[in-house]
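# An overview of the molecular structure
Chain by chain, the residues:
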Amino acid sequence: MRFLSADLIFPIHTAPIPNGILVLGPEGKIIDILSESDSSAPEKSRIERFRGALCPGFVNTHCHLELSHMKGLVPEKTGLPEFIMQIVSRRHENADQKLEAIKLADEEMWRNGIEAVGDICNTADTLEIKASSRIKYHSFVEVFSFDSSRADEVLQEGIRVASQYKERGLRATIVPHAPYSVSKQLFSGIREQQENFTGTISIHNQETASENEMFVSGSGELVEIFQKFGEDFSDFEPQFASSLDYHLRELPQDQNAILVHNAQTRPEEFVSANQSRSNLFWCACPNANLYIENRVPNVPIWLESGAKVCVGTDSLASNHQLSVFEELRLIQQYHPQLTVGQLLKIATLNGASALNLDQEKGSFQKGKLPGVLWLKNLDVETGNLSAASVQRIM
Ligand SMILES: [Zn+2]
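Residues numbered from 1 in each chain as written. Predicted model: local features only at pLDDT ≥ 70, side-chain atom pairs only at ≥ 80, totals over all residues.

### What to know about the nonpolar core
Counting 115 residues, the largest nonpolar core has A53, L54, C283, C310 and A347 as the members making the most contacts within it. Both domain 1 (2–56 + 369–392) and domain 2 (58–354) contribute no fewer than three residues apiece to this core. Contact partners of C283, with chain neighbours within four places excluded, come to T61, H62, I258, L259, V260, C310, V311 and G312. (Core = buried A, V, L, I, M, F, W, Y, C linked by C-beta atoms within 7 Å. Buried ≥ 20, exposed ≤ 12 C-beta atoms within 10 Å, placed from the backbone. Domains from an automatic or database assignment. Contact = placed C-beta atoms within 7 Å.)

Pasting the structure below:
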């Protein structure tokens, strides 16, 4: 057994414990959390003492490992439509380094304290690395085409890829890319596949202003870009309040759904969407939003509206690193009113719940194997993350 103590322990499922003692069994299984004065506390010489805080491992609910070889390729702050053009035209550059880049990205996430990842994929390129990784992955096999005549062809390819993950014993579901790139017919096929590929789904949501514009007026920059790619919008009737209004009618209802970005979601939309179903999770990717759209999501407003918030890094095509901790630091920089406890909860337990991994990850509850992170030099009085760093203990 190991006994770890710090200035502050964040169990996440309960309030933080000053000078608590975390009792770990084999492989880091949580046996107990004690207070200093507890009669069962071990003698001081057996306690490993850390300055700062301890918390469970992080959960990254949105990544695209497959794009890791694109690190530094795409110019920053050009807006989503231009970013999509760049990804589509340049995703084959550096392709010979693809597998090596995926492997390095997986190792980077582990080092940065990430225990579990919800990862978007279009191919089986990441399969072998996921199968041998220490990180738990849920693969979201993403399909897209707004052209309804291609719905079946696109879905069949998604089934082929998702089956490869499933056959290796990895979790995989078939998910829609984004409202602007998935037709009603393709949504219908995705719903039918929920029986074969059961589990959490994910969709990019309201990342940019022209996305809502498409569903309200049928025009805008995104429509123009997809027309350039040959998408056919001729039978599309824009009769929606927003892109969220469109896809909430089409998403499978029974499984958790992670809505990613939400940069243009209005406060009242969070409230009404959460009233319509209780299994929505709202994923913030602040560094990617800063990289692509030059803005940071207003997470305090999401939380005030009662949203279950989680955190994603997005890919190395739109981020300088894959670190949930760096995402928290950026949120705190823009929204210092949030407490460290609030930030750590969205980075751990909320993400684990979103991915259906909360039996095992996300908090220091007895019996879990959540990983243990040291928030080195965290000033526990102010909670300021700027001088702190993260180091994996287990
Ligand atoms: Zn993404």
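The discussion continues.
### Description of the pairing of strand 8 (residues 136–143)
With eight of its eight residues buried, strand 8 lies for the most part within the structure. Of the two faces of strand 8, both are covered, the one formed by K136, H138, F140 and E142 as well as the one formed by Y137, S139, V141 and V143. Handedness of the crossover joining strand 7 (residues 114–121) and strand 8 through helix 3 (residues 127–132) is recorded here as right-handed. By the bridge criterion, six bridges tie strand 8 to strand 9 (residues 171–176) in an arrangement that is parallel. What sits directly across from H138, in strand 9, is R171. On the question of chirality, the crossover connecting strand 8 to the parallel strand 9 by way of helix 4 (residues 151–167) is right-handed. (Helix = DSSP H or I, 4+ residues; strand = E, 2+ residues; numbered from the N terminus. Right-handed = clockwise from strand over helix to strand, strands pointing away. Pairing = 2+ DSSP bridges.)

### Quick look at the domain arrangement of the chain
Taken domain by domain, the chain consists of domain 1 (2–56 + 369–392) and domain 2 (58–354). Opposite the 14 residues of domain 1 that make contact, domain 2 presents 15 residues. Counting only elements with at least two residues in the side of domain 1 that touches domain 2, the list comes to strand 5 (47–56) and strand 15 (389–392). Taken together, the residues that form the side of domain 1 that touches domain 2 break down as nine nonpolar, four polar and one charged. (Nonpolar A, V, L, I, M, F, W, Y, C, P; charged D, E, K, R; others polar.)

### Things to note about the sheet that holds strand 9
Strands belonging to one sheet form pairs held by backbone hydrogen bonds; the direction of such a pair is parallel or antiparallel. Pairing is parallel across the open sheet formed by four strands, whose spatial order is 6-7-8-9. Of all strands in the sheet, those with a lone pairing partner are strand 6 (58–63) and strand 9, marking the two edges. Each strand axis lies, on average, 20 degrees off the axis of its neighbour in the sheet, ignoring direction. (Axes fitted to C-alpha atoms, helices over the stretch in contact; angles between N-to-C directions.)

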